Amino acid sequence: LCEVCREYIKENGKTHFFKWKDIQLEVEKKIGRTFNNPNSCKHKYDVMRKDWRNWTTLKTLETGLGWDPISGRIEASNEW
């Protein structure tokens, strides 16, 4: 999904809205199966975007948390 969205942005620019039907067709071609719901890719994108925002907030804005670059994990005290 991320690769298809990146290619779509490269072709159409950032200001162009996603055409989810086209994106879903490309994802289906790449993975070799079809989705039952016509909004599956949009839903997956929305969930991934929410998770990314939460992760970014924890990593950069919250106090009392650290980042371990070796393990790639956010470190927090037991109290946090």
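What counts, and where the lines are drawn
Residues numbered from 1 in each chain as written. Predicted model: local features only at pLDDT ≥ 70, side-chain atom pairs only at ≥ 80, totals over all residues. Heavy atoms only, no water. Phe/Tyr/Trp six-rings, centres within 6.5 Å; stacked < 30°, edge-to-face > 60°. Helix = DSSP H or I, 4+ residues; strand = E, 2+ residues; numbered from the N terminus. Buried < 20%, exposed > 50% of the residue type's maximum accessible area, 1.4 Å probe, protein only.

Draft legend 1. Layout of the packing of aromatic side chains. One pass over the full model with this rule turns up five aromatic pairs. Between Phe-18 and Trp-20 the ring centres are 5.0 Å apart and the planes differ by 90 degrees, which places this aromatic pair in the edge-to-face class. Judged by centre distance (5.6 Å) and plane angle (80 degrees), the ring pair of Trp-55 and Trp-67 falls under edge-to-face. Pair noted here: Trp-55 is in helix 3 (residues 40–60) and Trp-67 is in strand 1 (residues 65–68), with a separation of twelve residues, a long-range link. Given a relative accessible area of 36%, Trp-55 falls into the partly exposed group. Look at Trp-67 and you get partly exposed, because its relative accessible area is 31%. Through pairs of rings, three or more aromatic residues link up here, namely Tyr-8, Phe-18, Trp-20 and Tyr-45.

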